[in-house]
Amino acid sequence: MDDGFLMEVCVDSVESAVNAERGGKVLRPRGGRRRRARPVLTGLSPGAGRIELCAGLVEGGTTPSMGLLQVVKQCVRVPVFVMIRPRGGDFLYSDREVEVMKADIRLAKLHGADGLVFGALTEDGRIDTELCTALLAVCRPLPVTFHRAFDMVHDPLVALETLISLGFERVLTSGCDSSALEGLSLIKRLAEQAKGRIVVVPGGGITERNLQRILEGSTASEFHCSARSARDSGMKFRNPNVAMGASFSAPEYSIKVADVAKVRTLNAIAKNIL
C-alpha cells in the first residue's frame, strides 16, 4: 500500500488472477517450467494488491476448488484470500454446511491461502457471533474478511461493532444498497465509526466510471472490484439449443475474465485520487 490504497480484485479463474495482478503478461516460472515454481516479476506496473478467489461469481461468489487455488498460487505473488461460502443464496447455514465450511477452511490453509473470506447471519439478520467465532478459530492465524453478508444485516452500525469485537480485519460492503455508489453515505459513516479498528472496503458495482466518486466520498484506503469484461468463446462448433445452467445464467459461449485495461485504469484512478 505504498500509494495509499489497495485494490482487491475478485476472480474465478487463473487467467483472471494473472490479469488482475500484472496486466495479463504471462511470465514463465523459474527454470522454464510453467507450473512448478513461482513466476519472476520484472518491471511490470502493479495491478491488484490482493486477490479474492471464488467460484460462482454469478451467485456472488462461492468456495473455489482447491485445484484452482493451487494453480493460482503458482502463478501470482500477491496475497490470495479464499472465499468460504458453500452455496449461493442466504447466509443462514445448517450444521452440515458449517462442517463443509470448516473443512474448506482447513484445506484452503493447507494449499496456501493467505487469508479467508466468509460471513454468517442469524435468521433475524444479525451477525451469527457463535458461528463466526468458531470459524475464526479455524482460520487463525490467517486474516479474515467478513464479506457482503454484511449488506443483509438488520442494523449495520451495530453489526460493525460486533465484527470488531470478534476480530475481523476487514468488512466488504456496498453500504447495504444495490452498489457501493448507491450506499456511499453509509460506507462513509461506517468508516468514520470504525476509526481504524477494522478496514471498511467498498465493493459492489465499482467501475472506472464511479471509482473516483466512491473513493473521494468514502475516504477508503482499499476497494474491491471484478474489473471483468466478456470474451467470446474459442468454440467453433456451437449448439444454441442447450444451456448448462438456469435460463438466467451466463451464455455458454461468452467467458468473463478480469480485463487488463480495466485493472490498469482503476489503478490509475485510485493513484491519482489518493
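What this report covers is the structure whose coordinates are included nearby. Here the structure is a predicted model, which means the values were calculated and not measured.

## Thoughts on the sheet that holds strand E4 (residues 115–118)
Across the sheet, which stays open at both edges, the 8 strands sit in the order E7-E6-E5-E4-E3-E2-E1-E8 with parallel pairing between neighbours. A single partner strand is all that each edge strand has here, and the edge strands are strand E7 (199–202) and strand E8 (222–225). Across the sheet, the mean angle from the axis of one strand to that of its neighbour is 25°, orientation sign disregarded. Bridging between strand E3 (residues 80–83) and E4 involves 3 bridges; their strand directions are parallel. Paired with Met-83 across the strands is Val-117, a residue of E4.

## A look at the layout of surface pockets
Empty space within the largest pocket amounts to approximately 690 Å³. In terms of lining, the largest pocket is formed by 29 residues, of which the most central are Cys-10, Leu-57, Arg-148, Gly-204 and Ser-226. Split into classes, the residues belonging to the lining of the largest pocket amount to 10 nonpolar, 9 polar and 10 charged.

## Digging into the packing of aromatic side chains
Tallying each qualifying case throughout the model produces 3 aromatic pairs. For the ring pair Phe-118 and Phe-168, a centre distance of 5.5 Å and an interplane angle of 65° mean the geometry is edge-to-face. Of this pair, Phe-118 sits in strand E4 while Phe-168 sits in the loop between helix H5 (156–166) and strand E6 (170–173); the two residues are 50 residues apart in sequence, bridging distant segments of the chain. Owing to a relative accessible area of 0%, Phe-118 belongs among the buried residues under this scheme. Residue Phe-168 is classed as buried on the basis of its relative accessible area, which comes to 3%. With centroids separated by 5.3 Å and ring planes inclined at 85°, the aromatic side chains of Phe-146 and Phe-168 adopt a geometry described as edge-to-face. Placement of Phe-146 in strand E5 (residues 144–146) and of Phe-168 in the loop between H5 and E6 is noted, with a sequence separation of 22 residues between them. One residue, Arg-50, lies across the ring of Phe-81, its end atom 5.2 Å from the ring centre.

## Observations concerning helix H7 (residues 211–218)
Here H7 has its buried residues at Leu-211, Ile-214, Leu-215 and Ser-218. Projected onto a plane normal to the axis of H7, the buried residues spread over an arc of 95° and lie on a single side. Summarising the contacts, the buried residues of H7 are in contact with helix H6 (184–194), E7, E8 and helix H8 (260–273). Just beyond H7, the residue with positive phi is Thr-219, at close to 55°.

## Let's talk about unusual backbone geometry
Here the amide bond leading from Arg-140 into Pro-141 is cis, since omega sits at 15°, within 30 degrees of zero. In this fold, Pro-141 is placed in the loop between helix H4 (129–139) and E5. With a phi angle near 50°, Lys-195 is a residue other than glycine that sits in the positive phi range. Tracing the backbone shows Lys-195 in the loop between H6 and E7. The class for Lys-195 is exposed, based on a relative accessible area of 70%. Here Thr-219, not a glycine, exhibits a phi torsion of approximately 55°, which is positive. Assignment of secondary structure puts Thr-219 in the loop between H7 and E8.

## Brief notes about the side chain of Ser-179
Here Ser-179 shows up in the loop between E6 and H6. Once residues within four sequence positions are removed from consideration, Ser-179 is found in contact with Ser-174, Gly-204 and Gly-205.

## Brief notes about the pattern of salt bridges
The tally for this structure, following the rule as stated, stands at 13 salt bridges. Across the pair Arg-87 and Asp-90 runs a salt bridge whose closest N-O atoms are separated by 3.0 Å. Given the relative accessible area of 45%, Asp-90 is considered partly exposed. Across the salt bridge formed by Asp-232 and Arg-238, the nearest N and O atoms sit 3.0 Å from each other. One connected set of salt bridges, linked through shared partners, spans Glu-8, Arg-50, Arg-170 and Glu-222.

The rules behind each value
- Residues numbered from 1 in each chain as written.
- Predicted model: local features only at pLDDT ≥ 70, side-chain atom pairs only at ≥ 80, totals over all residues.
- Heavy atoms only, no water.
- Pairing = 2+ DSSP bridges.
- Helix = DSSP H or I, 4+ residues; strand = E, 2+ residues; numbered from the N terminus.
- Axes fitted to C-alpha atoms, helices over the stretch in contact; angles between N-to-C directions.
- 1 Å grid on protein atoms, 1.4 Å probe; cavity = no way out; pocket = protein on both sides within 12 Å on 5 of 7 lines; lining within 4 Å.
- Points joined across faces, edges and corners; volume = space filled by probe spheres on them.
- Nonpolar A, V, L, I, M, F, W, Y, C, P; charged D, E, K, R; others polar.
- Phe/Tyr/Trp six-rings, centres within 6.5 Å; stacked < 30°, edge-to-face > 60°.
- Buried < 20%, exposed > 50% of the residue type's maximum accessible area, 1.4 Å probe, protein only.
- Lys NZ or Arg CZ within 6 Å of the ring centre and 35° of its normal.
- Arc of directions from axis to C-beta.
- Contact = heavy atoms within 4.5 Å.
- Salt bridge = Lys/Arg side-chain N within 4 Å of Asp/Glu carboxyl O.

Note that all results are geometric; they support no functional claim without further evidence.
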